Amino acid sequence: MSAGHGDRTTLLCVPFAGAGPSFFHPWREAAGDRWRVVPVSLPGRERRLLETPYRDVSEAARSEIDRIAEDLGEGARTVLFGHSLGAVLAYELAHLLIARGMHVERLVVSGSPGPWTRRERRASGLGDEEFLARVEEFAGFRHEALDHPEMRELILPALQADCEMHENYVPSTGAPLPVPICSLRGDRDGLVTAQEARQWRDSTTSDFGCAEFPGDHMYLVDACREVLDVIEAQSAPGDSRTADPAGRARAGREGAVPLGRP
């Protein structure tokens, strides 16, 4: 373990389109002593606002991996979490971290079909107003900052770049991950069906679990503690926490986590 982090596993949180690391700041308090929460900071937002945002997921992963590995620290045990765009970026980062010999315990993806499934309806390439209307339709709500011209001017470039790289995403490898994957979704998500969320079972040679929460595509805005509880349940003793070197068949190993609220 890197010095100063104790024995806690790091929860590396990868933001969704248009979001910055501050979205995950409340997760630190909610995580308590369970994890050291480390949000990924990408160009084009918050402290990196003046940097040019990425337009390709694989490029973003390759370009940020040194910074992320340094933030994690040598020997860190890591669970990756990503929602929507963050899910596929976390998937790419997991491959790169494992290739470096770092200890990835689990990948938790949210609001995302399997990495090989492309979204049919797109927002990228549309004019500003039509683009924002499409994003609002996808997300199920409109961020109030987009109604302020000055704020919109700051937010829009990164949001457009994020949507472009998400909608054009092609996995950098066809190889599944050798670590457990848990796939989460809102039960009223109009973008990702339950069947699509379960496509992630084909992205791992280890255990696969899934869970649904009350809500739409952006359910996690109000479900921080519930999401963390599910991640903890998936990582409980008795579950597979490391790669399965035998690459066992997945039949009979898929699990669904009961949620704490109806």
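Here, every reference points to the structure presented above.
In this text the structure is predicted, and so the values were computed from the model without any measurement.

### Here we look at the pattern of salt bridges
(1) Moving on: Under the criterion given, the structure shown has 11 salt bridges.
(2) Moving on: Between Asp-162 and Arg-45 there is a salt bridge, and its shortest N-O distance comes to 2.7 Å. With Asp-162 in helix α5 (residues 149–167) and Arg-45 in the loop between β2 (35–39) and α2 (57–72), this pair connects stretches of sequence that are 117 residues apart.
(3) Moving on: Using a relative accessible area of 0% as the deciding quantity, one classes Asp-162 as buried.
(4) Moving on: In this structure, the salt-bridge partner of Arg-55 is Glu-164, at a minimum N-O distance of 2.6 Å. On the criterion of sequence distance, the pair formed by Arg-55 in the loop between β2 and α2 and Glu-164 in helix α5 is long-range, its members being 109 residues apart.
(5) Moving on: Owing to a relative accessible area of 26%, Glu-164 belongs among the partly exposed residues under this scheme.

### Some remarks on the pairing of strand β4 (residues 103–110)
(1) Moving on: For β4, the buried fraction is high: 7 of the 8 residues fall into the buried class.
(2) Moving on: Strand direction decides the pairing type here: strand β3 (residues 77–83) and β4, joined by 7 bridges, are parallel. Bridge pairing in β4 places His-83 opposite Ser-110.
(3) Moving on: For the handedness criterion, the β-α-β arrangement of β3, helix α3 (residues 85–99) and β4 is classed as right-handed.
(4) Moving on: Relative to strand β5 (residues 181–186), β4 runs parallel, the two being bridged by 4 bridges. Following the sheet pairing, Ser-110 is matched in β5 by Leu-184.

Thresholds, definitions, all that
- Numbering of residues begins from 1 in every chain and follows the order in which that chain's sequence is written.
- Only residues with pLDDT of at least 70 get local features here, since the model is predicted, and only at 80 or more are side-chain atom pairs given and counted; chain-wide, interface and lining totals rely on the full set of residues.
- Just so you know, side-chain values use all the structure's heavy atoms and leave hydrogens and water out.
- When a carboxyl oxygen of Asp or Glu lies within 4 Å of a side-chain nitrogen of Lys or Arg, that pair is called a salt bridge.
- Only DSSP runs of H or I with at least four residues qualify as helices, and only runs of E with at least two residues qualify as strands; both kinds are numbered from the N terminus onward.
- A simple rule labels every residue: compare its accessible area, found with a 1.4 Å probe on the protein chains alone, to the largest value its type can have, and call it buried under 20%, exposed over 50%, or partly exposed in between.
- Strands are treated as partners if at least two bridges between them are detected by DSSP.
- Whether a crossover is right-handed depends on one test, that the path from the first strand over the helix to the second runs clockwise when the strands point away from the viewer.

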